[in-house]
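Now for the letters of each chain:
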Amino acid sequence: MIYIHVPFCHRKCTYCAFFSKVESGKWKVESYVDALIEEIRLRCHEQNHPIRTIYFGGGTPSILPLGELERIVKALHECFDLSQVEEVTLEANPEDLTVGYLQGLSDLGFVDRLSIGIQSLDDAMLRLIGRRHTANQALAAVENAHALGFSNLSVDFIYGLPETFQFSAFNFQLVSHVSAYALTVEPGTALAVQVEQGRVVLPDEEEVIQQYHALRQQLLKAGFRQYEVSNYARPGFESKHNSRYWDRTPYLGLGPGAHSFSLFDGGSTSVAHVEKRRWNKPDGTFEQEILTEADAYNELLMTALRTTRGLALAQVPKKYKERLHCGMQPYVDLDWIVLKDNCFVPTPEGLLHADGMAAALFV
Ligand code: SF4
């Protein structure tokens, strides 16, 4: 699988701690695409597994003019065997998804899944968190994408905002996947400063949990199935790309700051190798992290306990099994975890505590 990081945004959202630059001038984007194509050519040999998914993430990939996207697609076709690709996702912001852009994407015939960052259907909230679009623009983007034949549509929402969370204006029939994230106040963001200065008051933890449950119920009622703490899909529409991250499938990350993940030691999952490239360095340097068996196990805990599939005992190295059973008992008693078919499966309540449980179980 391939991840392509597009590092540009029109403007920085107040809560965002992702790596992105607010500069999308024509020459900047063209230089980025030139460098990305060079990186594709240089590193294509590193991908020695069949490519099944491609994901354009950001930043804001929908900033890319169609002509630039076409250049990237051409380079991918030239350098990789894409005959087994099952899913190509592009993250998009509603304000970029004009009918013309959507038509161009459709004509390109490469992207078959759009992940649209709606975040809220309340214009005051959208302004508060620094989004550029309005609720109406978001609704129009989804409707237009659907009308132009994009049948695999995902939308992102944020809960934990100071609003009464409601979706009455949204037609869930048009989408196959929903990602719903709790707003987190990341240090160093504009939101962190606003909260510290009392200019923004966010709901307390109890209210955020209520919003999570209310949202979850609405989505289940609308025919979605929760498969990860923040992700819901209609049957068969789970994100193939993200599901493979959680299964620890190797991937090639391209673009500035993108991570790659590869396995060695004969493909054993117990020893992994993560490399983080410092992109565009003339000497081609990158940071590399070798994961020990303990690191790999801790990562497994972090990812598996966020999914509704849970942690299969078969995935756990023998030497950690007894410790895991003891460590899980308090969570079983709290009804956050159930042991089912040799898997530790988080309950809906347990999913909310997945990160804390995993951290407490680390070796
Ligand atoms: S559009 Fe996305 S990546 Fe860009 S600033 Fe906003 S949240 Fe961050």
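Worth saying up front: this structure is predicted, and the values here are computed from it rather than measured.

## Considerations on the nonpolar core
In terms of nonpolar packing, the biggest core is built from 75 residues, with Ile 2, Ile 116 and Leu 254 touching the most fellow members. Looking at this core, the element that brings in the most residues is helix α5 (residues 135–147), giving five residues. Both of domain 1 (2–243) and domain 2 (293–363) provide at least three residues apiece to this core. Not counting the four nearest positions on each side in its chain, Ile 116 is found in contact with Ala 92, Pro 94, Leu 97, Ala 141, Val 142, Leu 153, Ser 154, Val 155 and Asp 156.

## Focus: the sheet that holds strand β4 (residues 113–119)
With mixed pairing, the nine strands of this open sheet are ordered in space as β7-β8-β6-β5-β4-β3-β2-β1-β9. Either end of the sheet is taken by a strand with one partner, and the two such strands are β7 (225–228) and β9 (252–254). Taken over all neighbouring pairs, the strand axes of this sheet differ in orientation by 20° on average, direction set aside. For β4 and strand β5 (residues 153–159), the ladder comprises five bridges, and the chain directions are parallel. Paired with Gly 117 across the two strands is Asp 156, which belongs to β5.

## What about the site of the ligand?
Looking at the ligand, the residues that line it are Cys 9, Lys 12, Cys 13, Cys 16, Phe 18, Ser 20, Gly 58, Gly 59, Thr 60 and Asn 93. Of the residues that constitute the shell around the ligand, the class distribution is four nonpolar, five polar and one charged.

## Points about the confidence of the model for the chain
In low-pLDDT segments, the atomic positions of the prediction should not be examined closely. Model confidence for the chain is summarised by a mean pLDDT of 90, while 91% of its residues fall at 70 or above. Contacts of residues 265–278 to residues separated by more than four positions or lying in other chains number 37 contacts, the stretch itself having pLDDT below 50.

## Let's talk about the domain arrangement of the chain
Taken domain by domain, the chain holds domain 1 (2–243) and domain 2 (293–363). Its C-alpha centre places domain 1 at a distance of 29 Å from the equivalent point of domain 2. The interface is formed by seven residues belonging to domain 1 together with seven residues belonging to domain 2. Of all the elements in the fold, those that place two or more residues in the side of domain 1 that touches domain 2 are α7 (205–221) and β7. Partitioning the side of domain 1 that touches domain 2 into residue classes produces four nonpolar, one polar and two charged.

## A short note on the pairing of β5
Here β5 lies mainly inside the structure; five of its seven residues are buried. Summarising the sheet, β5 and strand β6 (residues 177–182) pair through six bridges and their orientation is parallel. Pairing of Asp 156 across the sheet is with Ser 179, part of β6.

## Re the environment of Arg 248
Along the polypeptide, Arg 248 turns up in the loop between α8 (240–246) and β9. For the pair formed by Arg 248 and Tyr 55, sequence separation is 193 residues and the distance between their alpha carbons is 16 Å.

Calculation criteria
Residues numbered from 1 in each chain as written. Predicted model: local features only at pLDDT ≥ 70, side-chain atom pairs only at ≥ 80, totals over all residues. Core = buried A, V, L, I, M, F, W, Y, C linked by C-beta atoms within 7 Å. Buried ≥ 20, exposed ≤ 12 C-beta atoms within 10 Å, placed from the backbone. Helix = DSSP H or I, 4+ residues; strand = E, 2+ residues; numbered from the N terminus. Domains from an automatic or database assignment. Contact = placed C-beta atoms within 7 Å. Pairing = 2+ DSSP bridges. Axes fitted to C-alpha atoms, helices over the stretch in contact; angles between N-to-C directions. Near = placed C-beta within 6 Å. Nonpolar A, V, L, I, M, F, W, Y, C, P; charged D, E, K, R; others polar. pLDDT = per-residue confidence, 0-100.

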